[in-house]
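# Chains, contacts and geometry: an overview
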Amino acid sequence: TVRPKNEVEQKQLCAFGEYVAEILPKYIQQVQVTCFNELELLIHPDGIIPVLTFLRDHTNAQFKSLADLTAVDVPSRQHRFEIVYNLLSLRFNSRIRVKTYTDELTPVDSAVSVHKAANWYEREVWDMYGVFFANHPDLRRILTDYGFEGHPFRKDFPLSGYVEV
Amino acid sequence: QTTGLVGLAVAENPHERLRILYTKILGVLQNIPKDAAYRKYTEQIVKQRFNLVQTETDVQKLQDKLNSGHIEEVIVQAENELSLARKMMQWKPWEPLVEEPPSDQWRWPI
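Thresholds, definitions, all that
- Residues numbered from 1 in each chain as written.
- Chains lettered and ligands numbered in written order.
- Predicted model: local features only at pLDDT ≥ 70, side-chain atom pairs only at ≥ 80, totals over all residues.
- Heavy atoms only, no water.
- Helix = DSSP H or I, 4+ residues; strand = E, 2+ residues; numbered from the N terminus.
- Rg over C-alpha atoms; globule rule 2.2 N^0.38 Å.
- Buried < 20%, exposed > 50% of the residue type's maximum accessible area, 1.4 Å probe, protein only.
- Contact = heavy atoms within 4.5 Å.
- Areas by Shrake-Rupley, 256 points an atom, 1.4 Å probe, with all protein chains shown as cover.
- Lys, Arg positive; Asp, Glu negative; His and termini not counted.
- Charge placed at Lys NZ, Arg CZ, Asp CG, Glu CD.
- Core = buried A, V, L, I, M, F, W, Y, C linked by side-chain atoms within 4.5 Å.
- Expected span 1.5 Å × (residues − 1).
- Buried area = accessible area lost by both parts, 1.4 Å probe.
- Salt bridge = Lys/Arg side-chain N within 4 Å of Asp/Glu carboxyl O.
- Polar contact = N/O pair within 3.5 Å; in protein donor to acceptor, adjacent residues only side chain to side chain.
- Nonpolar A, V, L, I, M, F, W, Y, C, P; charged D, E, K, R; others polar.

## Section: the overall build of chain B
Scanning chain B from N- to C-terminus turns up four helices and zero strands. Moving toward the C terminus, one meets the helices and strands of chain B in the order α-α-α-α. Expected size for 110 residues packed as a compact globule is a radius of gyration near 13 Å; at 18 Å, chain B overshoots this value by more than 25%. The buried share among the 110 residues of chain B stands at 41%. By sequence separation, contacts in chain B at least 24 residues apart represent 65% of the contacts at least 6 residues apart. For chain B, the accessible area works out to roughly 6,600 Å², and carbon and sulfur atoms hold 51% of it. On chain B, the mean spot of the 14 positive side-chain charges and the mean spot of the 15 negative ones are 5 Å from each other.

## A short note on the nonpolar core
Residues L41, F54, L55 and Y85 of chain A together with Y22 and Y38 of chain B are the most contacted members of the largest nonpolar core, which totals 63 residues. For this core, the leading source of residues is helix α4 (residues 71–91) of chain B, giving eight residues. Setting aside residues up to four positions removed in sequence, L41 of chain A forms contacts with V20, I28, Q30, V31, V51, L55, I96, R97, V98 and K99 of chain A.

## Notes on helix α3 (residues 118–129) of chain A
Residue and element names in this part refer to chain A. Taking 1.5 Å of rise per residue, the twelve residues of α3 would be expected to cover 16 Å, and the 16 Å separating its terminal C-alpha atoms lies within 8% of that figure. Of all the positions in α3, only A118, E122, R123, V125, D127, M128 and Y129 are classed as buried. Positioned one or two residues after α3, G130 has a phi angle of 90 degrees, which is positive.

## A look at the interface of chain B and chain A
Taken together, the 35 residues of chain B in the interface contact 35 residues of chain A. In total, chain B and chain A occlude about 3,000 Å² of area from one another, counting both sides; carbon and sulfur atoms represent 58% of this. Considering only the surface of chain B that becomes buried against chain A, W91, Q105 and W106 of chain B emerge as the three largest contributors, covering 24% of it. Inspection of the chain B/chain A interface yields three salt bridges. One salt bridge in this structure joins E73 of chain B and R91 of chain A, with 2.7 Å as the shortest N-O distance. The tally of links between chain B and chain A comes to 17 residue pairs in polar contact (both at pLDDT 80 or more). Of all the secondary structure elements, the ones that give two or more residues to the side of chain B that touches chain A are α2 (37–55) and α4 of chain B. For the side of chain B that touches chain A, the per-class residue count stands at 17 nonpolar, seven polar and eleven charged.

Any functional reading would require information beyond the geometric quantities listed.
Dropping the structure here:
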């Protein structure tokens, strides 16, 4: 069986994506809608805080809830890490994904000033990938052991690690 | 009487408060360039809501017409829009793209 295509929702998401891209051309590099009706905004890293505050505060886009904050490691790219923010709007019952990029050494603005929920998520991304967040109130390790060296979720970190247990 | 929502007190005289907030938002929007899409769309939304607030004096009917939850939530949303407009004045997001991404950055599958 194949999931039936929901054309109406796809059109609405396309229209909303064009609306946001028209308002914020300084930071949005690309907008795409997946075949499963998921809207994605691809952002320049300078524009994280402006775009997230816009999506949280604007009347047509009240994405008040940060559902997830993760990173993706693609070692072959020049900026290997892709930071992904998943937002949910309770007023309009709709989700949106915001993606940025960074490499190992460039810090990224912290989203804690916009969404308090980003605190532990950013600690996890720092611990697992090594992406530094500027202006984070308390950036330290959260899942690895106290003296652990290395960032486990990177693609060049071996499956059983460097230290024998 | 109560809103039914935690942390939101019932607003006495919501029409006055909304009138003040919407005039402030429109005042802030005058400072950004006229051709910016943000100014166009936000002015449209704010003027539409402002007209509804001025024509409808009954709170229940106003809530139904705005179709956006309780009046107190509408007030909170207007305050958010005001702070967003002030921040937009500093960030100026209507300018052209800051920097193009590297050509293979957003290619998927790799």
